[in-house]
Amino acid sequence: MDTDVVIAGAGPAGLTLACELAMVGVRTVLLEREPRKPGFCRGFNLNARSLDAFDRRGIADRFIAEGHKVPVTSFGGLPAPLDIGSLGWEHPYTLGIAQTRVEEILEEHAAELGVDIRRGQAVHGFTQDDSGVTVNGEIRARYLVGCDGSRSAVRKLAGIDFPGTPTTRYVMLGDVETDLVPGKHLGGVFVIPRPGYVRVVVADPVFDRAEPITLAQLNSTVDEALGRHVEMAEPRWLTRFGNAARQAAQYRSGRVLLAGDAAHIHPPAGAQGVNLAIADAMNLGWKLAAAVRGWASPELLDTYHRERHAAGARVLLHTQAQALLAGDGIGPLRDLFAELSELDGVGRYLAELATGVETRYEMGEFATHPWLGRMAPDIPIAIDGCPTSVAKLLRGGSGLLLDFGGLDHPPLDRVDVVRAEPLDTESMDEGQVAAMLVRPDGHVAWLATADGRAEPGPLAAALSRWFGLVPA
Ligand SMILES: Cc1cc2nc3c(=O)[nH]c(=O)nc-3n(C[C@H](O)[C@H](O)[C@H](O)COP(=O)(O)OP(=O)(O)OC[C@H]3O[C@@H](n4cnc5c(N)ncnc54)[C@H](O)[C@@H]3O)c2cc1C
C-alpha cells in the first residue's frame, strides 16, 4: 500500500479528517483539485459543537483567539435572537471567523501532524477491491474518502444516489463595496457586514444557473427590490446559490466513504455546512483509523453512515424549516413560531438544534440516561489531586473509561482507564454518574450509575462494540 487513506478535497471536512487520522498515526494523502486557495470566503462561523470538538483535540483556542464571540443565535430569521450565553454550555457562543481562516488553521495543524497535502490534483477515477482502492490509477490505499464538496466526483463515481428536493429558488450573493448600511434586512435584501466589505444577498428573479452573474445584474436586482438606486463597486465574489436539500443514500460504499457537502446539501439558513462537515469528520476519523489498524468490529464503520446520516437528516429538516420561515407568504405562521420560540425551554431547544449541541447518537434501546450518545460534558475532575477535565483527557485521540469510584477496571488497549475525583458533583448529574466510557469523538457510549445500573448493557459489550476488545 502507498498509504492508508486518500482524502479528496481540502475543505473543512477533508482537513479535519486528515488531522484526526494523522493524529493517531494513520498515513494520509490529501488530494485537492485547486492549485491555490480561492480568493473568496463562503462561511463565517464555528458553532458551539465545533468548538467543543476542537477542544477535545486541544486546538479550540487557535480559532477562539482569532474570532469574535456572539452569545446569541437565530432561527429562520425570527425577530428575537436566541440567547445561548446563559445556557451553561462549554462554549456559550457562536464564533465569528472566516471559513478561509478556519481552513488555514486546520491545514497548518494537518502539516504539523505530517499529512501529505497535494494541491492541484483532482480525484478523477478509482477502482476498489477486497483489500483496497486504487485512486487515479496510481495511488493504492486502504480507503478513499470523498470530501470533495457538493458536486462530489467521488460520490458520482461510486454510484451513490443523492436523493432530495431540487432548487426551487436561487439567491444572488455579492461581496462588494456599497452605500447600504450593513446589519440590515431591507425589503428582501440582506446586508451582512464582512471584514473590509459587505455581503449583499437578494432573491434572484432570473433563475438562470448557467449564466454567471454580473455586478450590473446584482445592482439592478437590489435597486428594484429597494425601489431606489444603490451604489455598488469592487466586487470580490459574485455567485448564486439555491435551496436544494439532498443527502447521499449511503455514506459508505465498500472502501469509499463520503463526508461534508459531498454527503449532504441544504439551504444555507443557519450557517451549518462547515460545522456539519467538521462533525462528520470527527465521527469518521477514529472509526476509519480502527479499520486501518484492523481492530474495528465488522459493524464499526457502518455506524458512521447510521449516526451521521441521521444527524444530517436533522440538519436538512431544520434548515428547510428555517428557509420556509424566512420566506414570503407565511406571516401568521412566523408570528406564531416567534411566540413559541419565547416559551420556556423552546428557545433552548431551537438553539441546541441550530448549533448541533443536541446531537445524540443512538446507543440502543436500553440507553435511557440523558448523557448516553451525547458529547460527554467537560466536567472538572482531578487525578491524584491534579485538576484536569474530560475534554483534556481526550486530546490524545484514545477512548476513555472514566471511573469515579469502585469500578477498578484493569488497563486496556486503545482505551485510557482513568480513576478520577469529580471536583463538582452537581455537574455529574448530581453525583449519579459512577463511571462512563467515552469514544474518541467525545460521545458517551456506556455509563454506570451510583445505584449500580449499567446502560445500555454490560461494559464488556460496549468495549467490544466500539473498541474491538474481547474479554480474555
Ligand atoms: C454563500 C455561502 C455561504 C455559506 N456560509 C456558511 C456559514 O456561514 N457557515 C457554515 O457553517 N457554512 C456555510 N456555508 C456552507 C459551507 O461553505 C460548506 O458547507 C462547507 O464548505 C463544506 O465543507 P466541505 O469540506 O464538505 O466541502 P468544501 O468546502 O466544498 O470543500 C471541498 C473541496 O474539495 C475540492 N475538490 C472538489 N472536487 C475535487 C476532486 N475531484 N478531487 C479533489 N478535490 C476536489 C474543492 O476544491 C474543495 O477545496 C456557506 C456556503 C455558501 C455557498
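All values reported here derive from a predicted model rather than from experimental measurement.

Parameters and conventions
- Residues numbered from 1 in each chain as written.
- Predicted model: local features only at pLDDT ≥ 70, side-chain atom pairs only at ≥ 80, totals over all residues.
- Heavy atoms only, no water.
- Pairing = 2+ DSSP bridges.
- Helix = DSSP H or I, 4+ residues; strand = E, 2+ residues; numbered from the N terminus.
- Axes fitted to C-alpha atoms, helices over the stretch in contact; angles between N-to-C directions.
- Core = buried A, V, L, I, M, F, W, Y, C linked by side-chain atoms within 4.5 Å.
- Buried < 20%, exposed > 50% of the residue type's maximum accessible area, 1.4 Å probe, protein only.
- Contact = heavy atoms within 4.5 Å.
- Parallel < 35°, antiparallel > 145°, perpendicular 65-115°, else oblique.
- Left-handed = near helix turned anticlockwise from the far one by under 90°.
- Phe/Tyr/Trp six-rings, centres within 6.5 Å; stacked < 30°, edge-to-face > 60°.
- Lys NZ or Arg CZ within 6 Å of the ring centre and 35° of its normal.
- Salt bridge = Lys/Arg side-chain N within 4 Å of Asp/Glu carboxyl O.

### Thoughts on the sheet that holds strand β10 (residues 133-135)
- Here three strands make up an open sheet; going across it, the order is β9-β10-β11 and the pairing antiparallel. Of all the strands in the sheet, the pair left with one neighbour each is β9 (126-128) and β11 (139-141). Neighbour-to-neighbour, the strand axes of this sheet turn through a mean angle of 20°, independent of strand direction.
- By the bridge criterion, three bridges tie β9 to β10 in an arrangement that is antiparallel. Note that in β10 the partner of Gln-128 across the bridge is Val-133.

### Focus: the nonpolar core
- One finds Val-5, Leu-46, Phe-63 and Leu-288 to be the most contacted residues of the largest nonpolar core, which totals 68 residues.
- Counting residues per element, this core draws most heavily on helix α7 (residues 273-293), at 10 residues.
- Apart from the residues lying within four places of it in its own chain, the contact partners of Val-5 are Leu-21, Val-26, Arg-27, Thr-28, Val-29, Ala-141, Tyr-143, Val-145, Leu-288 and Val-292.

### Section: the packing of helix α1 (residues 12-23) against helix α4 (residues 99-112)
- The N-to-C vectors of α1 and α4 enclose an angle of 25°; their axes lie 9 Å apart at closest approach. Taken together, the axes of α1 and α4 are roughly parallel relative to one another. When you trace α1 past α4, the crossing you get is left-handed. Of α4, the residues touching α1 (which contributes Pro-12, Leu-15, Thr-16 and Cys-19) are Gln-99, Glu-103, Leu-106, Glu-107, His-109 and Ala-110.

### What about the packing of aromatic side chains?
- Using the criterion set out here, one finds seven aromatic pairs in the structure.
- With a centroid separation of 6.1 Å and an interplanar angle of 35°, the aromatic rings of Trp-286 and Phe-467 are classed as tilted. Here Trp-286, found in helix α7, pairs with Phe-467, found in helix α12 (residues 459-467); they are 181 residues apart in sequence, far enough to count as distant.
- Here Trp-286 falls in the buried class, since its relative accessible area comes to 6%.
- Its relative accessible area of 1% is what places Phe-467 among the buried residues.
- A ring pair is formed by Trp-295 and Phe-467, whose centres lie 6.3 Å apart and whose planes are at 25°; its orientation type is stacked. Here Trp-295, found in the loop between α7 and α8 (300-325), pairs with Phe-467, found in helix α12; they are 172 residues apart in sequence, far enough to count as distant.
- Ring pairing ties together the aromatic residues Trp-286, Trp-295, Trp-466 and Phe-467, which thus form one cluster.
- Positioned above the aromatic ring of Phe-162 is the side chain of Arg-155, whose terminal nitrogen or guanidinium carbon lies 3.5 Å from the ring centre.
- The side chain of Arg-194 reaches across the aromatic face of Phe-44, ending 3.8 Å from its centre.

### With respect to the pattern of salt bridges
- Enumeration over the complete set of coordinates arrives at 28 salt bridges.
- With its nearest N and O atoms 2.9 Å apart, the salt bridge here joins Glu-307 to Arg-439. With Glu-307 in helix α8 and Arg-439 in the loop between β28 (433-438) and β29 (444-449), this pair connects stretches of sequence that are 132 residues apart. Considered together, Glu-307 and Arg-439 belong to a single accessibility category, that of buried residues.

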